[in-house]
Structures are given as C-alpha cells and as structure tokens.
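Coordinate analysis (summary)
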Amino acid sequence: MLVVVASIASLSFYTHTNIYLLYTPFTNQAVDTTTRVWQSFANAFLLMGVIVTMTMILIALYKFRFYKLIHGWLMMSSLFLLFLFMFIYLFEVLKVNNLPLDYITVFLFIWNFGVVGMICIHWKGPLMLQQAYLIVVSALMALVLIKYIPGITVWVVLGVVSVWDLIAVLCPKGPLRILVETAQQRNEPIFPGLIYSSAVAWYYSPIITLTTTMMSDRETTQTSDPSDRGSLIAEEEAHTSTTRCLEESPGKHTVSESEGDDERGVKLGLGDFIFYSVLVGKASSYGDWNTTLACFVAILIGLCLTLLLLAFFRKALPALPISIAFGLNFYFATSSLVKPFCDQLAFEQVYI
C-alpha cells in the first residue's frame with residue numbers, strides 16, 4: 001500500500017488516462033450522476049464475470065491436475081508484470097525526475113530484475129526476497145487497475161469483489177474453498193504465484209534453545225518447592241536426551257527448520273494485497289491525505305480483526321470483506337464529512 005501511495009503521489013501517469021479496460025465498456029464521465037451509477041455497476045459486474053470465469057477455469061485445471069498449464073499461466077502473468085510493467089514504471093520514474101539513462105543499462109536492469117523475480121517466485125529463493133517481489137508485483141497490478149478502471153467503477157468493484165470473496169471462501173462449493181481443501185487433501189502447497197507467506201525469515205539453534213530452557217529449569221528448581229523436584233528432574237532428563245539426539249545430527253535438524261521458514265505465518269492471497277492497494281491508491285489520487293491515512297488505518301484494523309477470527313475459527317477465511325468494508329466506510333465518511341469540516345474550520349480560522 002505504501003508503494004502504491006508513493007507512486008500515485010509522484011507519478012501522474014497512473015492518475016490520468018483516456019484508455020480503459022476492455023471489460024469496462026461504459027467509460028463516459030460526462031453523463032449525469034444516475035447514468036454514471038448504473039454504468040459503474042454494469043462495469044463492475046462485467047469485470048466480476050471475467051474474474052469468476054478465470055477462477056473457475058483455474059479450479060478446474062487444478063482439480064484435473066493440469067499443473068504445467070497453471071504454472072505456464074502464472075509464469076506468463078509474472079513475466080508481463082516483472083518485465084513490461086516494470087519497464088513502464090521505471091520509464092515514468094526516470095521521466096518525472098528528469099534522470100538520463102541509456103537503454104543498455106535499462107535493459108540489463110530489467111533483465112536481471114525480471115529473471116531473479118521469476119526464479120524467486122516460481123522456483124526457489126530467499127524468503128525475504130520472494131516477499132519483496134510479490135509486493136512489487138501486487139503494487140504494479142494495483143497501479144494498472146487504478147489507471148485503467150473508470151473512477152466510480154473502482155469503488156463498486158471493491159464492494160462486489162468483497163462479496164465474491166465471501167462467497168468463494170465460505171460457501172461449501174465456493175471455488176477458493178475447493179482450492180484450499182483440495183490442496184490440503186493432496187498435501188500440496190498452493191502455487192507460490194498466488195500466495196504471500198507472512199512468515200519472518202529467522203534462524204536459530206535448537207541446541208541453544210533447549211540449553212537455555214534447561215538453565216531456566218535449574219534456576220526454578222533452586223527456588224521451588226522440594227516436592228516438585230521430581231517432575232523438574234524428569235523434564236531435565238528429557239531435555240538432556242533430546243539435546244543428545246540433536247547433537248548427534250544437528251545439521252539435518254537445522255536444515256529442516258530453515259527450509260520450513262516459508263511454511264510459518266499466515267498465508268494471504270495476492271488478490272487481497274492488490275485490492276487493499278487499489279482502495280488506498282484510489283483514495284490518495286484525489287490528493288486528500290486525511291482520507292488516505294484513514295483508509296490505510298481502516299484496512300489494517302480490518303486485517304487485524306480478520307486475523308483474530310482466523311485464530312478463533314482456525315480455517316481459511318476471506319481477507320477482503322472486513323478490510324474493504326472498513327476502508328470504504330472510512331473513505332466516504334472522511335471525504336464527505338471530515339474533510340469539509342476541516343476545510344470550514346480552516347476557512348473560519350478556528351483551531352481545535
């Protein structure tokens with residue numbers, strides 16, 4: 001979201017356009033308000049039709065194990081984002097800041113950036129680098145949607161997509177629920193090009209951890225009731241035997257821990273990142289920083305509530321509805337009530 005807001009604030013390329021997506025044919029902004037509203041809903045449902053269709057195709061391919069076709073599909077999408085869209089973004093950054101750069105250097109940068117990104121996303125790479133690339137991909141996709149979707153249509157699309165996310169994840173025959181359950185039944189990870197792992201890349205020595213635990217147990221023994229020493233001694237013996245086993249083969253255990261870093265933490269779909277960024281980015285495109293900050297905070301609050309529900313229910317939950325509902329409410333409340341109120345206070349030179 002920060003990347004998108006910074007890009008919107010500094011690059012006018014993503015806020016001005018006369019070209020729109022093929023799926024949003026109603027783009028006349030000069031019509032009356034009633035017409036613009038029904039046209040926005042028409043655009044939103046047409047775009048949602050495309051999203052639903054693509055989702056159904058993806059689920060069907062996964063159910064029938066067409067893995068190579070799915071990988072090809074996702075790799076082609078990443079290819080466009082990491083090479084073409086990143087080149088456009090870099091070109092606009094250089095143009096706005098009036099920075100000269102030769103095409104050979106640009107080509108080498110884009111080539112290295114794109115190839116490393118493809119390897120990290122679709123094969124193997126450091127977790128933090130993979131996370132960084134997924135954030136960049138999501139930001140670029142959000143910027144494209146902000147630029148090529150008509151103004152009011154964006155807000156309607158956000159609401160409709162949230163409802164669809166609710167249906168797709170929670171309904172018994174919802175496509176995203178089918179995808180998650182099928183992956184769990186097959187004991188397979190969901191494709192990395194679709195999922196962001198929020199795990200923190202960290203490494204530790206299990207031997208040191210267990211030794212620290214044993215030391216704390218000894219300190220507790222010295223000050224505890226003598227009747228409890230039997231259980232504490234038993235625990236210490238268990239720690240000692242475990243430590244001995246780890247010392248016999250420490251390398252294997254350490255490798256398994258480091259390889260499992262991307263398995264820790266909450267998994268978020270890239271679509272959630274994209275639509276969060278679309279909401280905040282679109283709010284920032286109007287130049288009101290109070291509204292932008294309100295939307296930013298609202299989305300984070302909604303995400304925290306979603307994580308609380310995730311900890312309570314312990315099953316896959318949609319990450320869009322609560323955050324987008326909070327974001328939309330905060331946007332319209334701030335832009336329609338708070339901003340005029342602050343402007344009037346400033347005009348009257350009243351300070352609170």
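One can find the structure itself at the top, above this paragraph.
As a starting point, this report considers the structure included with it. (Residues numbered from 1 in each chain as written. Predicted model: local features only at pLDDT ≥ 70, side-chain atom pairs only at ≥ 80, totals over all residues. Heavy atoms only, no water.)

**Focus: the overall build of the chain**
Looking only at helices and strands, the chain has 13 helices and 2 strands in total. Counting all 352 residues of the chain, 37% fall into the buried class. For the chain, restricting intrachain contacts to residue pairs at least 6 apart in sequence, the fraction spanning at least 24 positions comes to 76%. Entry remark: accessible area of the chain is about 20500 Å², with carbon and sulfur atoms responsible for 68%. (Helix = DSSP H or I, 4+ residues; strand = E, 2+ residues; numbered from the N terminus. Buried < 20%, exposed > 50% of the residue type's maximum accessible area, 1.4 Å probe, protein only. Contact = heavy atoms within 4.5 Å. Areas by Shrake-Rupley, 256 points an atom, 1.4 Å probe, with all protein chains shown as cover.)

**A few points about empty space enclosed by the protein**
One water molecule sets the probe size; rolling that probe over the atoms shows where empty space is left. Taken as a whole and assessed by the stated rule, the structure comprises 2 cavities of 30 Å³ or more. Taken together, F26, T27, N28, Q29, R36, Q39, S40, N43, P150, I152 and T153 make up the lining of the largest cavity. Contributions of two or more residues to the lining of the largest cavity are made by α2 (33-63) and α6 (151-170). Among the elements that take part in the lining of the largest cavity, α2 stands out by supplying 4 residues, more than any other. Split into classes, the residues belonging to the lining of the largest cavity amount to 3 nonpolar, 7 polar and 1 charged. (1 Å grid on protein atoms, 1.4 Å probe; cavity = no way out; pocket = protein on both sides within 12 Å on 5 of 7 lines; lining within 4 Å. Points joined across faces, edges and corners; volume = space filled by probe spheres on them. Nonpolar A, V, L, I, M, F, W, Y, C, P; charged D, E, K, R; others polar.)

**Looking at helix α13 (residues 321-348)**
Over its 28 residues, α13 runs 39 Å from end to end, which matches the ideal 40 Å to within 8%, given 1.5 Å per residue. A bend of about 40 degrees at T334 is the largest found in α13. Along its buried surface, α13 packs onto α6, α11 (270-284) and α12 (289-313). (Expected span 1.5 Å × (residues − 1). Bend = angle between axes of the 7 residues up to and from the residue.)

**Some words on the pattern of salt bridges**
Using the criterion set out here, one finds 4 salt bridges in the structure. A salt bridge links D343 to K339, with the shortest nitrogen-to-oxygen separation between them at 3.1 Å. A residue pair is termed a helical-turn pair when its members lie 3 or 4 positions apart in one helix, as D343 and K339 do in helix α13 at 4 residues. Judged by its relative accessible area of 41%, D343 falls in the partly exposed class. (Salt bridge = Lys/Arg side-chain N within 4 Å of Asp/Glu carboxyl O.)

**Focus: the nonpolar core**
In this structure, L82, L158, V278 and L279 are the most contacted members of the largest nonpolar core, which totals 60 residues. Excluding residues within four positions of it along the chain, L82 makes contact with I110, F113, G114, G117, M118, I121, Y133 and V137. Among the nonpolar cores identified, the runner-up in size contains 9 residues, and L58, L61, Y62 and L74 belong to it. (Core = buried A, V, L, I, M, F, W, Y, C linked by side-chain atoms within 4.5 Å.)

**Focus: the layout of surface pockets**
Of the voids in this model, the second largest pocket is the one considered here, and its volume is about 450 Å³. Forming the boundary of the second largest pocket are 18 residues, of which M1, I135, Y196, L268 and F273 lie nearest the centre. Of all the elements, α12 adds the most residues to the lining of the second largest pocket, at 5 residues. Among the residues making up the lining of the second largest pocket, the classes are represented as 15 nonpolar, 3 polar and no charged.

**Some details on the packing of aromatic side chains**
Summed over all chains, the structure comprises 17 aromatic pairs. Ring centres 4.1 Å apart and planes at 20 degrees place the aromatic pair W155 and Y331 in the stacked group. A residue pair is termed long-range when its members are at least 10 positions apart, and W155 in helix α6 and Y331 in helix α13 qualify at 176 residues. Accessibility classification places W155 together with Y331 in one group, the buried group. Between Y286 and Y331, the ring centres sit 6.3 Å apart and the planes meet at 35 degrees, which makes this aromatic pair tilted. Taken together, the residues Y286 in the loop between α11 and α12 and Y331 in helix α13 connect sequence positions 45 residues apart. Given a relative accessible area of 47%, Y286 falls into the partly exposed group. Here a set of aromatic residues connected by ring pairs shows up, and it is made of W155, Y286, Y331 and F332. The ring of F13 carries K147 above its face, with NZ or CZ at 4.0 Å from the centroid. Lying across the ring of Y62, R186 places its NZ or CZ 5.1 Å from the centre. (Phe/Tyr/Trp six-rings, centres within 6.5 Å; stacked < 30°, edge-to-face > 60°. Lys NZ or Arg CZ within 6 Å of the ring centre and 35° of its normal.)

**Considerations on the packing of helix α5 (residues 127-148) against α11**
For the pair α5 and α11, interaxial distance at closest approach is 8 Å and the crossing angle is 50 degrees. Relative to α11, α5 is oriented oblique. Of the two elements, α5 crosses α11, and the hand of that crossing is right-handed. Together, L134, I135, S138, M141, A142, L145 and I146 of α5 and L270, F273, I274, F275, S277, V278, G281 and K282 of α11 make up the contact between the two elements. (Axes fitted to C-alpha atoms, helices over the stretch in contact; angles between N-to-C directions. Parallel < 35°, antiparallel > 145°, perpendicular 65-115°, else oblique. Left-handed = near helix turned anticlockwise from the far one by under 90°.)

**Some words on the side chain of E92**
Tracing the backbone shows E92 in helix α3 (residues 67-96). In contact with E92, not counting residues within four places along its chain, are L11 and F13.

**Focus: α12**
Taking 1.5 Å per residue as the helical rise, α12 with its 25 residues ought to reach 36 Å, and the 36 Å between its terminal C-alpha atoms agrees with that figure. Taken as a whole, α12 has its buried residues at T291, T292, A294, C295, F296, A298, I299, G302, L303 and T306. Of the surrounding elements, those touching the buried residues of α12 are α1 (2-10), β2 (267-269), α11 and α13. Structurally, the start of α12 carries an N-cap: the backbone nitrogen of N290 is 3.3 Å from a side-chain oxygen of D288. Just downstream of α12 lies R314, where phi reads positive at about 55 degrees. (Polar contact = N/O pair within 3.5 Å; in protein donor to acceptor, adjacent residues only side chain to side chain.)

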